[in-house]
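# Structural overview
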Amino acid sequence: MIVALFAALLIQSNQPTFGEMEFLPAQVRDRYIHGALAAWLWANADLEHQGLQPLYCTPLKLGLTTDQADSIAQQFANEPRNAVRRDDDYAMILMLALKDTFPCPSPAAAP
């Protein structure tokens, strides 16, 4: 439910695109990335609470900084196979990059 709500808010609001992020002041950019990371973390917690697979699975003791998260998003966007456009929503690109970088084990492979 939280995932759907967050996705709906992204679609309805004026969120920065991937291309616009480089033009934001550093402090605004860091706060936005921090907020997006927190939102995806909350979405993961809600999915896990419902017994569903989370969006992505970071190692248990890994805490991502905004610089690390942005680096993951940038690397993901620079891979031609991902077909990221500069007008794509940054928070969605970040989530897709986290899914790609930290895939969850398939339910059959989980202990």
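This text follows the structure it describes.
The structure reproduced in this document is the subject of the present report.

About the thresholds
Residues numbered from 1 in each chain as written. Predicted model: local features only at pLDDT ≥ 70, side-chain atom pairs only at ≥ 80, totals over all residues. Heavy atoms only, no water. Helix = DSSP H or I, 4+ residues; strand = E, 2+ residues; numbered from the N terminus. Buried < 20%, exposed > 50% of the residue type's maximum accessible area, 1.4 Å probe, protein only. Contact = heavy atoms within 4.5 Å. Areas by Shrake-Rupley, 256 points an atom, 1.4 Å probe, with all protein chains shown as cover. Salt bridge = Lys/Arg side-chain N within 4 Å of Asp/Glu carboxyl O. Core = buried A, V, L, I, M, F, W, Y, C linked by side-chain atoms within 4.5 Å. Phe/Tyr/Trp six-rings, centres within 6.5 Å; stacked < 30°, edge-to-face > 60°. Expected span 1.5 Å × (residues − 1).

### Thoughts on the overall build of the protein chain
Helix and strand content of the protein chain: four helices and zero strands. Element order for the protein chain, N to C, with α for helix and β for strand: α-α-α-α. By the burial criterion, 38% of the 111 residues in the protein chain qualify as buried. Excluding contacts between residues fewer than 6 apart, the proportion of contacts in the protein chain whose partners are at least 24 apart in sequence is 72%. Looking at the protein chain as shown, the accessible area adds up to about 7,100 Å², and 60% of this sits on carbon and sulfur atoms.

### Focus on the pattern of salt bridges
Overall, the coordinates contain six salt bridges when judged by the stated rule. Residue R86 pairs with E22 through a salt bridge whose shortest N-O separation is 2.3 Å. One end of the pair, R86, is in the loop between α3 (66–78) and α4 (90–101); the other, E22, is in the loop between α1 (2–12) and α2 (26–49), and 64 residues separate them in sequence. Exposure remark for R86: the relative accessible area of 47% places this residue in the partly exposed category. According to the relative accessible area criterion, E22 is partly exposed, its value standing at 47%. Residues R81 and E79 are paired through a salt bridge, measuring 2.8 Å at the closest nitrogen-oxygen approach. Using a relative accessible area of 59% as the deciding quantity, one classes R81 as exposed. One salt-bridge network, in which partners are shared between bridges, spans E79, R81 and D100.

### Section: the nonpolar core
Core analysis: the largest hydrophobic core is formed by 25 residues, its most contacted members being W40, L55, Y90, L94 and L98. With near-sequence residues (within four places) excluded, L98 lies in contact with L37, Y56, L64 and I72.

### Here's the deal with the packing of aromatic side chains
The description of an aromatic ring pair uses the distance of the two centres, along with the angle that the planes make with each other. Considering all chains together, one arrives at two aromatic pairs under this definition. For the ring pair F18 and Y90, a centre distance of 6.0 Å and an interplane angle of 10 degrees mean the geometry is stacked. Pair noted here: F18 is in the loop between α1 and α2 and Y90 is in helix α4, with a separation of 72 residues, a long-range link. For the residue pair F18 and Y90, the accessibility class agrees, reading buried in each case. Counting every residue linked through ring pairs, the aromatic cluster contains F18, Y32 and Y90.

### A look at α2
Under the 1.5 Å per step criterion, the end-to-end length of α2 is 34 Å for 24 residues, consistent within 8% with the ideal 34 Å. All of the buried residues along α2 are R29, Y32, I33, A36, L37, A38, A39, W40, A43, N44, D46 and L47. Residue G51 follows α2 closely and has a positive phi angle near 80 degrees.

### Details of the environment of C57
Relative to the helices and strands, C57 resides in the loop between α2 and α3. For the pair formed by C57 and D100, sequence separation is 43 residues and the distance between their alpha carbons is 9.9 Å. Not counting residues within four places of it along the chain, the set of residues in contact with C57 comprises F102, P103, C104 and P105.

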